[in-house]
Amino acid sequence: GCLSTRGHRVNRVHPTSCCSAAELMSVLFFHTMRYKADDPRNQCNDRFVLSKGHAAPVLYAAWAEAGFVKEADLLNLRKIDCDLEGHPTPKLEFVDVATGSLGQGLGAACGMAYTGKHFDKSSYRVYCMLGDGECSEGSVWEAMAFASYYQLDNLVAILDINRLGQSEAAPLRHDMETYRKRCEAFGWNTYVVDGHDVEELCKAFWQAQQVKGKPTCIVAKTFKGKGLKNIEDLDNWHGKPIPKDRVDDLLNDLQAQIQVPNKTLCPELPSDDTAPADLSPISLPSPPAYKKGDKMATRRAYGTALVKLGQASQRVVALDGDTKNSTFSETFKKAFPDRYIECFIAEQNMVGVAIGCATRDRTVAFASTFAAFLSRAYDQIRMGAISQTNVNLVGSHCGVSIGEDGPSQMALEDLAMFRAIPTCTVFYPSDAVSTERAVELSANTKGICFIRTSRPDTAVIYSPDEKFEVGVAKVVRQSDSDQVTVIGAGVTLHEALAAADMLARKNIRVIDPFTIKPLDASTILASARATGGQIITVEDHYKEGGLGEAVLSAVGAEPGIVVTRLAVSGVPRSGKPQELLDLFGISAKHIANAVRQTFAN
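Residues numbered from 1 in each chain as written. Predicted model: local features only at pLDDT ≥ 70, side-chain atom pairs only at ≥ 80, totals over all residues. Heavy atoms only, no water.

1. Thoughts on the sheet that holds strand β15 (residues 484-488)
Right, on to step 1. Across the sheet, 5 strands lie side by side as β14-β16-β15-β18-β19; this open sheet has mixed pairing. Whereas interior strands pair on both sides, the edge strands pair on one side only; in this sheet they are β14 (474-477) and β19 (562-568). Averaged over all adjacent pairs, the angle separating strand axes in this sheet is 25°, with direction ignored.
Right, on to step 2. One ladder, built from 4 bridges, connects β15 with strand β16 (residues 508-512); its direction is parallel. If you follow valine 486 over to β16, its bridge partner there is valine 510.
Right, on to step 3. Packed onto the sheet, helix α17 (residues 521-530) meets β14, β15, β16 and β18 (534-542) and runs at close to 175° relative to β16.
Right, on to step 4. Sheet strands touched by helix α18 (residues 547-555): β15, β18 and β19. Its angle to β18, the strand with the most contacts, is close to 145°. (Pairing = 2+ DSSP bridges. Helix = DSSP H or I, 4+ residues; strand = E, 2+ residues; numbered from the N terminus. Axes fitted to C-alpha atoms, helices over the stretch in contact; angles between N-to-C directions. Contact = heavy atoms within 4.5 Å.)

2. Observations regarding the environment of phenylalanine 514
Right, on to step 1. Mapped onto the fold, phenylalanine 514 is located in the loop between β16 and β17 (515-517).
Right, on to step 2. A relative accessible area of 0% means that phenylalanine 514 is categorised as buried.
Right, on to step 3. Linking phenylalanine 514 and cysteine 266, residues 248 residues apart in sequence, is a C-alpha distance of 52 Å.
Right, on to step 4. Ignoring sequence-local partners within four residues, the contact set of phenylalanine 514 consists of Val426, Phe427, Tyr428, Pro429, Ser434, Arg437, Ala438, Leu441, Phe468, Glu469 and Val472. (Buried < 20%, exposed > 50% of the residue type's maximum accessible area, 1.4 Å probe, protein only.)

3. Here's the deal with the UniProt feature "domain: Transketolase-like pyrimidine-binding" (unreviewed entry) in the protein chain
Right, on to step 1. Under the local residue numbering, the UniProt record ascribes the feature "domain: Transketolase-like pyrimidine-binding" (unreviewed entry) to residues 296-460.
Right, on to step 2. Structurally, residues 296-460 is divided into 39% helix and 19% strand, and its ends, taken at the C-alpha atoms, are 7 Å apart. (UniProt positions renumbered as here; feature names shortened; annotations may be inferred.)

4. Some points on the pairing of strand β12 (residues 449-452)
Within a regular strand, the side chains alternate between the two sheet faces.
Right, on to step 1. Covered by surrounding structure in β12 are Cys449 and Ile451 together with Phe450 and Arg452, the residues of both alternating faces.
Right, on to step 2. When strand β10 (residues 392-396) meets β12, the two strands line up parallel, connected through 4 bridges. Bridge pairing in β12 links glycine 395 to arginine 452.
Right, on to step 3. The sheet contact formed by strand β11 (residues 425-427) and β12 spans 3 bridges and is parallel. Paired with valine 426 across the two strands is phenylalanine 450, which belongs to β12.
Right, on to step 4. Regarding topology, helix α15 (residues 432-443) serves as the crossover connection from β11 to the parallel β12, and that connection is right-handed. (Right-handed = clockwise from strand over helix to strand, strands pointing away.)

5. Describing the packing of aromatic side chains
Right, on to step 1. As enumerated under the stated definition, the model contains 23 aromatic pairs in all.
Right, on to step 2. Taking the centre distance of 6.2 Å and the plane angle of 45° together, the rings of tyrosine 114 and phenylalanine 146 count as tilted. Taken together, the residues tyrosine 114 in helix α4 (residues 105-119) and phenylalanine 146 in helix α5 (residues 138-149) connect sequence positions 32 residues apart. The burial state of tyrosine 114 is the same as that of phenylalanine 146; both residues are buried.
Right, on to step 3. By the ring-pair criterion, three or more aromatic residues cluster together here, those being Phe29, Phe30, Tyr35, Phe48, Tyr60, Trp63, Phe68 and Phe94.
Right, on to step 4. Over the ring of phenylalanine 336 we find arginine 339, and its NZ or CZ is 4.2 Å from the ring centre.
Right, on to step 5. Just above the ring of phenylalanine 468 sits the side chain of lysine 474; from NZ or CZ to the centre is 4.8 Å. (Phe/Tyr/Trp six-rings, centres within 6.5 Å; stacked < 30°, edge-to-face > 60°. Lys NZ or Arg CZ within 6 Å of the ring centre and 35° of its normal.)

6. A look at the nonpolar core
Right, on to step 1. In terms of nonpolar packing, the biggest core is built from 80 residues, with Leu106, Leu155, Leu319, Ile341 and Leu393 touching the most fellow members.
Right, on to step 2. Sorting elements by how many residues they give to this core places α4 first, with 8 residues.
Right, on to step 3. Apart from residues no more than four positions distant in its own chain, leucine 319 is found in contact with Tyr340, Ile341, Cys343, Met350, Val353, Ala354, Ala365, Phe366, Ala367 and Ser368.
Right, on to step 4. Among the nonpolar cores identified, the runner-up in size contains 45 residues, and Leu50, Cys82, Val193 and Phe205 belong to it. (Core = buried A, V, L, I, M, F, W, Y, C linked by side-chain atoms within 4.5 Å.)

7. A closer look at the packing of α5 against helix α12 (residues 347-358)
Right, on to step 1. Interhelical geometry of α5 versus α12 gives an angle of 70° and a closest axis separation of 9 Å. One element, α5, and the other, α12, form an angle in the roughly perpendicular class. Crossing handedness for the pair α5 and α12: right-handed. Between α5, through Ser139, Glu142, Ala143 and Phe146, and α12, the contact on the second element is made entirely by Glu347, Gln348, Asn349 and Val353.
Right, on to step 2. For the contact of α5 with α12, the class distribution of residues is 3 nonpolar, 3 polar and 2 charged. (Parallel < 35°, antiparallel > 145°, perpendicular 65-115°, else oblique. Left-handed = near helix turned anticlockwise from the far one by under 90°. Nonpolar A, V, L, I, M, F, W, Y, C, P; charged D, E, K, R; others polar.)

Right, here's the structure in full:
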């Protein structure tokens, strides 16, 4: 099915990558895996992740054989009006996570397997097929370490060792012994097999099901382009279609090898031991328990909010990368140890695992670390958007306000990073009350959510009954004689309020955007018009891509509005939080000066 169908030729597919995996896929889909072929997303089904996403045609061919994909649709592969894209995405019901940026499938598979074993407590198993080329990615080995540490015996990784990468041979070529040693060193039960021997594969997959306490890795020696005369195991065929004049010969050749041409293959059905996903909205069981004026860091309020959300729903789970005592996810761990996953210092894998946990709506996952370290997982986050995931990411320790730890720990690019992600909602709460509401809203918001939390204690400015909505800003201070609108978020909102106090006789309007994306353009525009078109933005973030640029793009079409931006310029340094806010020009006195400047102008 992958090569072509007579008379049709699809440009730029990866036929040789598919051929090496043909027997592996056949055995998996029609011997080993248990699933409902007419309901690929059924919660009881075994899961399959094609980490080597460029071999998508072999996946589509398997589902065509299972009867879910119409064979005629295979002819429209990679065309603009067909969901059979060049690499798999969840537009297709049989795809849980998008793949194609290599090295990411196994992390997501770990999340699915952990969920099956510990949250669903069900018998479904997870299979993940990787290529040998992608085993050069460090994220593969983060996932290998995670799976063995958590003894995910319901997980099977299949390494399709076909020797060749895209532009040359993979580093280990067919050195099967080294692959075996590496997998065993990472704590996996490992079988080295001939990937083209159906009987041997059936046996290895059966053995994997008997092993308890360890994940299994099936290291399959295969040949790229297997079965294609004068193409098999040769360089320079990656991602290239079969030339027109050779298609018929090759197809006749393959046809002649088919022994039982018309037998319909039926997969075995799964055990019905997994409940359907509960999709009801999750609400905080009680309003925030803070009074105006209380001092509380938003990072600490995050931990409290997460516990309350966990009380409201069993589906809420938390992950962290060994920063739980700083992000305050440990508050959740203490309350619900069975629903917390320690991912250790492997942020790429943590995000991958979280995305896996959230597939098929099995959990509402919150993954936290210092916001700066989420930049390390940016590719996983980007692929998460393509995967239509509903994962929630929480980044603490944003900006220079963290103080003495210095620039390596300061997130100053994170707003730009998350604003660029198409499905992302960016929450930037400024006090404990809005933090609780941000956590509640993100649990019920589709797509990726990012919550930016701060290290310093800040005053509670909202009453517990204040209502919050995505994309709705709060005007926290205003009068009829305001002449400047100041927009701050997190610590800079508090600096803006302090500046307003300093400027007692010069009235300024202060806005808390609450979400940076989507930004409440109408509130900002209305305020700007009421204050003579003068806006000052102030943010604990680099100038590029942050709050100021979000505001600029929101008011860009409006004539007569001037935006003055205060932001962190240049790489910062260690110091006391207040000293750093002063040094980088985003503290109350600098805001007050900027306001005076606009009056002077």
